[in-house]
Amino acid sequence: MTRTASGPPLVVDLSNLCRDSRLLPVGVRADATLLDQFVEALMDSDIEFGAVREVADRSLPSLLHPAGKRRLRELEQSGSLEYSSIADERLLELAFGAQATASTLVASMDSFDDFRRTYPAIQGTTDRFVGWEPGPDQTIRPFLRDMGVHTHHRLSRKEESAELKARRLRRQSVIRRAAETYFRCSNPHCLLAQLWPERLPELPRFDDRADEFVCPSCDRSLVVGEPRSAASQLIVFLHGEERLRLLLEEGDRVVVGRNDSKGCVGLESRLPAGGVDAVSRCHVAFTRKAGRVEVEDLKSRNGSMMRWIDGTQDDVRLAPGVPQVVGQRNAVAIPSGITIELSGRVLPLDGERPPDADDFAVDDRATRLLVARP
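Residues numbered from 1 in each chain as written. Predicted model: local features only at pLDDT ≥ 70, side-chain atom pairs only at ≥ 80, totals over all residues. Heavy atoms only, no water.

Draft legend 1. Molecular detail of the side chain of S232. Within the fold, S232 resides in strand β11 (residues 231-238). Within the structure, the side chain of S232 is placed 2.8 Å from the side chain of R288, a separation counted as a polar contact. When neighbours within four sequence positions are excluded, S232 is seen to be in contact with L246, L247, L248, R288, V293, L342 and P348. (Helix = DSSP H or I, 4+ residues; strand = E, 2+ residues; numbered from the N terminus. Polar contact = N/O pair within 3.5 Å; in protein donor to acceptor, adjacent residues only side chain to side chain. Contact = heavy atoms within 4.5 Å.)

Draft legend 2. Representation of the sheet that holds strand β4 (residues 105-107). What the six strands build is an open sheet, ordered β3-β2-β1-β4-β5-β6; its pairing is mixed. Among the strands making up the open sheet, the edge pair consists of β3 (81-83) and β6 (140-144). Shown here is a sheet whose adjacent strand axes are inclined to one another by a mean of 25°, direction ignored. Here five bridges tie strand β5 (residues 129-134) to β6, and the two strands are oriented antiparallel to one another. Pairing of G131 across the sheet is with F143, part of β6. (Pairing = 2+ DSSP bridges. Axes fitted to C-alpha atoms, helices over the stretch in contact; angles between N-to-C directions.)

Draft legend 3. Highlighting the pattern of salt bridges. By the definition in use, this model includes 30 salt bridges. Put simply, E250 and R288 hold a salt bridge, and the shortest N to O gap is 2.3 Å. Here E250 is found in the loop between β12 (241-249) and β13 (253-257), whereas its partner R288 is found in strand β15 (residues 284-289), with 38 residues between them in sequence. One salt bridge in this structure joins D252 and R353, with 2.7 Å as the shortest N-O distance. Of this pair, D252 sits in the loop between β12 and β13 while R353 sits in the segment after β21 (338-342), placing them 101 residues apart in sequence. The network of salt bridges with shared partners includes R117, E159, E163, E242, R245 and R345. (Salt bridge = Lys/Arg side-chain N within 4 Å of Asp/Glu carboxyl O.)

Given below as structure tokens:
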């Protein structure tokens, strides 16, 4: 047996397990006995674990037969099972939150893409997640999962999908209508209306019954405003850690460089001191045309590189003044460990914009010249 009192705690995504169609007979929507089968299979494996705790969403009992409902009541009464409206969030809080034991295991087949930014420890781990698959003769085979390192493009897309679902923006026609214009809340008592009286910066909620968009704060009907431009979002990383996001609307040209100036987002005030000495005042420019994002090196002193995130191709140095299309697989690398990628969001709403003030400096040289490598 591998279940010991000193073993790492195990948190089970009960809804995910009990609803796994690979383990269920045809026509059965959920089966609570899969928990006991899974724990027994774990005891016969070489995966060490200790106390078991389950997390489920409130919809699970309604899918079970009476015996299954009784089993869940027993687990809840024993203190082993808890319900949560957002089960995945609670599951990961128990495993990776501030009060969690560092070795806690998570039993789930979810990829948790929409939580990987909140809990970076998910990325690349090979010993914290336990999965399962059908074994011979209707058994369950548990295994340690390699969670892999998912791109920020994929994570952004997953996060956006979750946000749209929370706002009840499910149908493509509704999503398109929500993204085509800005909205304004006319309720004088609404906090969002007080903060943004001209137009709401975020997407509205959708009321299916009334077939109208409503304020995400007060639920009142919204006033349709001016058209909203299509946009892309750029994510700026320093040594792989996200530091800021930029908003690039259709037809925009946004320069990234050392200091803030008209049309240029400066990195010096946004990154650690001394970290951008090798970045030119105006280093690279990003433009959105016809839905495509292009990058152009602005004759920077230390140059820029086009990088393939999956490593399938070698880095290519950008020719100064020659625009190149940035795709989902690309990252633009500039000196000092700074990379810039496209977000996966189809409907980006937020992101920093370059200042309007015209305060260009005359010195366009980088403070530090990098030594060329062979």
